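# Close look at the chain arrangement
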Amino acid sequence: MSLYNFPDLLQVAKQRNFKAVGSFNLHCLEMLPAYFKAAKATNSPLMIQISTGTAEYLGYRLLVDSIRSLSESQQIPTCLHLDHCSDIESIKTAIDAGFSSVMYDGSHLDMADNIANTRKVIDIARPRNISVEAELGAIGGSEDGKSVAMEDIAFTTTEDAKRFVDETGVDMLAVSVGTVHGLYTGKAQIQHQRLADISEVTKTPLVLHGGTGVSDEDMRRAVAGGIDKVNVGTEMNVQWVGHCKETFEKGKVNDSVRKFLIPANDAVAAVLIEKIALFK
């Protein structure tokens, strides 16, 4: 089974009565079986996203080979996405390795440069049937070492979103509508009217970054109001690390390491199952 790009995966999701696709950050290979366990339990296609730091740590090709193998053996339609990458050379590396979707993050640039660089990535990716995500506006919080202070948050405007989509033809657009990267102790406040207006003028799949910290009610409303891809990362990491700390502290040095990891993976699978249920 080949890896799916985002538009093809979204079509599968819609056929299975999902309104949106969850895109879940993977931090290490030990977590990987939990993602497929959750997808199988929910009859959901699966989108796994990788930060550049994780890709460099594990190896681009190892990630592709591992995820493709599990996708085939579990018969789960899967998309492998490079998340939040501002380096076009790293995007090329991911594409050459076999990633099926990439994100060029030019949200820190002015509009003209963001458009120009996104178009460069699309020119590389589209002939190979690889989907491209871009970001417009500044989403607060921290993601893979990149931080935006709360006072520097810039919400996406309908005018900018329409211009960006018209001039790039991007496959999906991440928008700033009130969520925060890395938030797990508070609740985000989504600007639903802004989201609806952007969806109306762009007619393009929209992405909600900072999916952790969004209330269940807000999440359901967002996916009904134009969000087609929801990024979730922090909550799985917090659960995995928390359970590992507990099991490693209680374990013996000659215990099999899998005994330390199984409870953490079970907790991660539970998070995915809970989140996936919100996307229907």
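Everything in this summary refers to the structure shown in the same document. Within each chain, residues carry numbers counting from 1 in the order of the written sequence. At least 70 in pLDDT is required for a residue's local features to be given in this predicted model, at least 80 for side-chain atom pairs to be given and counted, and no such filter applies to totals for whole chains, interfaces and linings, which use all residues. The basis for every side-chain value is the complete set of heavy atoms in the structure, and neither hydrogens nor water enter the calculation.

## Some details on the overall build of the protein chain
- In this text, helices come from DSSP runs of H or I with a minimum length of four residues, and strands from runs of E with a minimum of two, each type numbered from the N-terminal end. Counting its secondary structure elements, the protein chain contains 11 helices and 11 strands.
- Expected size for 280 residues packed as a compact globule is a radius of gyration near 19 Å; at 18 Å, the protein chain falls within 12% of this value.
- Residue burial in the protein chain is summarised as follows: out of 280 residues, 54% are buried.
- Nonlocal contacts in the protein chain, meaning residues at least 24 apart in sequence, comprise 71% of its contacts between residues at least 6 apart.
- Where accessible areas are quoted, they stem from the Shrake-Rupley method and a 1.4 Å probe; at the residue level, only the protein chains shown are allowed to cover. Only carbon and sulfur atoms are counted for the fraction: they give 48% of the accessible area of the protein chain, which is about 12,100 Å².
- We score Asp and Glu as negative and Lys and Arg as positive, and we do not count His or the chain ends. Each charge is placed at NZ for Lys, CZ for Arg, CG for Asp and CD for Glu. Seen as two clouds, the 28 positive and the 36 negative side-chain charges of the protein chain have centres 7 Å apart. In this treatment the radius of gyration is a C-alpha quantity, and the globule benchmark scales as 2.2 Å times the residue count to the 0.38 power. Whether a residue is buried, partly exposed or exposed follows from its accessible area with a 1.4 Å probe, protein chains only, as a fraction of its type maximum: under 20%, in between, or over 50%, in that order. In this description, contact between two residues means that some pair of their heavy atoms is separated by no more than 4.5 Å.

## Observations concerning helix α8 (residues 192-202)
- Every buried residue of α8 is accounted for by His192, Leu195, Ile198 and Thr202. Projection of α8 onto a plane perpendicular to its axis shows the buried side chains occupying an angular sector of 125 degrees, all on one side. Exposed side of α8, more than 90 degrees from the buried face: Gln193 and Glu200 are the residues found there.
- On its buried face, α8 sits against α7 (158-168), β8 (172-175), β10 (206-208), α9 (216-224) and β11 (227-232).
- Where α8 terminates, the next one or two residues include Lys203, which has phi positive at roughly 55 degrees. In this context, the arc is that of the directions from the helix axis out to the C-beta atoms.

## Here's the deal with the sheet that holds strand β1 (residues 21-25)
- With parallel pairing, 8 strands are arranged side by side around a closed barrel as β1-β2-β3-β4-β5-β8-β10-β11. Strand-to-strand, the axes of this sheet are offset by a mean angle of 25 degrees, without reference to chain direction.
- Fitted lines through C-alpha atoms serve as axes, helices being fitted only where they are in contact, and the angles separating the N-to-C directions of these axes extend from 0 to 180 degrees. Where helix α4 (residues 60-74) meets the sheet, it contacts β2 (46-50) and β3 (78-85), and its direction lies at approximately 150 degrees from that of β3. Paired strands are those between which DSSP finds at least two bridges.

## Regarding the state of the cysteines
- Note on terminology: pairs of cysteine sulfur atoms within 2.5 Å are recorded as disulfides. A full pass over the atoms with the stated rule returns 0 disulfides.
- Its sulfur unpaired, Cys85 is 15 Å from the next cysteine sulfur, which belongs to Cys79.
- For Cys85, a relative accessible area of 2% corresponds to the buried category.
- Of all cysteine sulfurs, the one in Cys28 lies closest to Cys244, which takes part in no disulfide; the gap is 7.6 Å.

## A look at empty space enclosed by the protein
- Both site types are read off a 1 Å grid over the protein atoms alone. A 1.4 Å probe that fits but cannot get out defines a cavity, while an open set with protein on both sides within 12 Å along at least five of seven lines defines a pocket; lining residues have an atom within 4 Å of a point. Grid points are joined across faces, edges and corners, and a volume is the space filled by probe spheres set on the points. Applying the stated criterion across every chain, the model contains 2 cavities of 30 Å³ or more.
- Here the second largest cavity defines a volume of roughly 60 Å³.
- Of all the secondary structure elements, the ones that give two or more residues to the lining of the second largest cavity are β1 and β2.
- By residue class, the composition of the lining of the second largest cavity is 10 nonpolar, 2 polar and no charged. Note on residue classes: Ala, Val, Leu, Ile, Met, Phe, Trp, Tyr, Cys and Pro are nonpolar, Asp, Glu, Lys and Arg are charged, and everything else, Gly too, is polar.

## A look at the packing of aromatic side chains
- Between rings of Phe, Tyr and Trp, where Trp is taken as its six-membered ring, a pair exists when centres lie within 6.5 Å; planes separated by under 30 degrees are stacked, by over 60 edge-to-face, and by other angles tilted. All told, the structure shown has 2 aromatic pairs when counted by the stated rule.
- Measuring from ring centre to ring centre gives 4.4 Å for Phe248 and Phe260, while their planes differ by 40 degrees; the resulting arrangement is tilted. On the criterion of sequence distance, the pair formed by Phe248 in helix α10 (residues 234-250) and Phe260 in helix α11 (residues 257-276) is long-range, its members being 12 residues apart.
- Throughout this description, the term charge over a ring refers to an Arg CZ or Lys NZ atom that lies within 6 Å of the ring centre and within 35 degrees of the ring normal. Positioned above the aromatic ring of Phe18 is the side chain of Lys280, whose terminal nitrogen or guanidinium carbon lies 4.8 Å from the ring centre.

In short, shape yes, function no, at least from these values alone.
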